[in-house]
Amino acid sequence: MQNSQVRELLCFGIAPDGGNAALVVQHDHSSADQRQQFAKERNKPACVFIDTATDGSIVLDFFYPHMRSPLCSHATLAAARVLLSAEWPRLEVRTAMHDQPLTLILHDGEVFLQLSPQSAPQVDLPDGLAEQLLAAPGICLASPPAIASVGSPKLLLEVADSVTLQALTPDLQGIADWGKQQGVSGAYVWCRRPDGALEGRSFNHLNPAAEDCATGVAAGALCVLLKSSVTLYQGANLGTPCQLRAEFLDESILIGGKTEFA
């Protein structure tokens, strides 16, 4: 990491100097294990390493403090803010783990990620699964549980309202174990707000203090599930209110939100 360049950006924030933090690392040639150690030591929500393949293409390699990830949308937007300019407003890149193609776009001063819906694991979702994973006996979902993906599959659970959503204290170990067995990256619990927007919480960490304040891949997954554009609010309960936008374009999804250098 000696000759690498590290920048911190904040994504999706509503308040000034707020948002989900991501470290963008360039000119790095360390191993995956070294990158994982770096992400753990820095302890930011996500790190993305920008690599150049032998064919000249740009590859994005994502790490959370606890694991390497196939995709992280807020870190991708952070990379887009670093890479794009008025002279270079569009860039095709791919992911390190699954070779997934992504398009980075700069438009009217904002950065966007365009990507295609991905196949989701075909998993049996029995009655009582939500009660079990959310540690909420008797909870009634507002719609059937579903799995959708734009690159990192999410179990999507719709609850009745914001009060129910914010009161949840789920079985984080149970969610982690179930997700590992099924190839699903955590549970995303969401509800519809009276103003037509959505609100959600992500449960993808064993430590409650590590709850994500903005989960772009979940916004994309909801867009796929609902087959419509969504505005999603997240993180207010963590003191970092965020707004995410995902636009449904039939064959692709466009994810965007405020992305600034910290």
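Here the structure is shown first, and the text comes after it.
Residues numbered from 1 in each chain as written. Predicted model: local features only at pLDDT ≥ 70, side-chain atom pairs only at ≥ 80, totals over all residues. Heavy atoms only, no water.

A. The arrangement of the packing of aromatic side chains in detail. Within this structure, the stated rule accounts for two aromatic pairs. Ring geometry for Phe38 and Phe49: centres 5.9 Å apart, planes at 70 degrees, overall edge-to-face. Of this pair, Phe38 sits in helix α1 (residues 32–42) while Phe49 is found in strand β3 (residues 46–52), placing the two residues eleven residues apart along the sequence. Comparing Phe38 with Phe49, the two get one shared label, buried. Between Phe49 and Phe63 the ring centres are 5.6 Å apart and the planes differ by 85 degrees, which places this aromatic pair in the edge-to-face class. Of this pair, Phe49 sits in strand β3 while Phe63 sits in strand β4 (residues 58–63), and the two are 14 residues apart along the sequence. The two residues Phe49 and Phe63 agree in class, both being buried. The structure contains a cluster of three or more aromatic residues connected by ring pairs, namely Phe38, Phe49 and Phe63. Above the plane of the ring of Tyr233 lies Arg193, whose end atom (NZ or CZ) is 4.1 Å from the centre. (Phe/Tyr/Trp six-rings, centres within 6.5 Å; stacked < 30°, edge-to-face > 60°. Helix = DSSP H or I, 4+ residues; strand = E, 2+ residues; numbered from the N terminus. Buried < 20%, exposed > 50% of the residue type's maximum accessible area, 1.4 Å probe, protein only. Lys NZ or Arg CZ within 6 Å of the ring centre and 35° of its normal.)

B. Geometry of the pairing of strand β13 (residues 230–234). The alternating pattern of β13 places Val230, Leu232 and Gln234 on a buried face, while none of Thr231 and Tyr233, on the opposite face, is buried. Across two bridges, strand β12 (residues 198–203) lies against β13 in parallel orientation. Within the sheet, the bridge partner assigned to Glu199 lies in β13 and is Tyr233. Handedness of the crossover joining β12 and β13 through helix α6 (residues 216–226) is recorded here as right-handed. Across five bridges, β13 lies against strand β14 (residues 242–248) in antiparallel orientation. Across the sheet, the residue bridging to Val230 is Ala246, located in β14. (Pairing = 2+ DSSP bridges. Right-handed = clockwise from strand over helix to strand, strands pointing away.)

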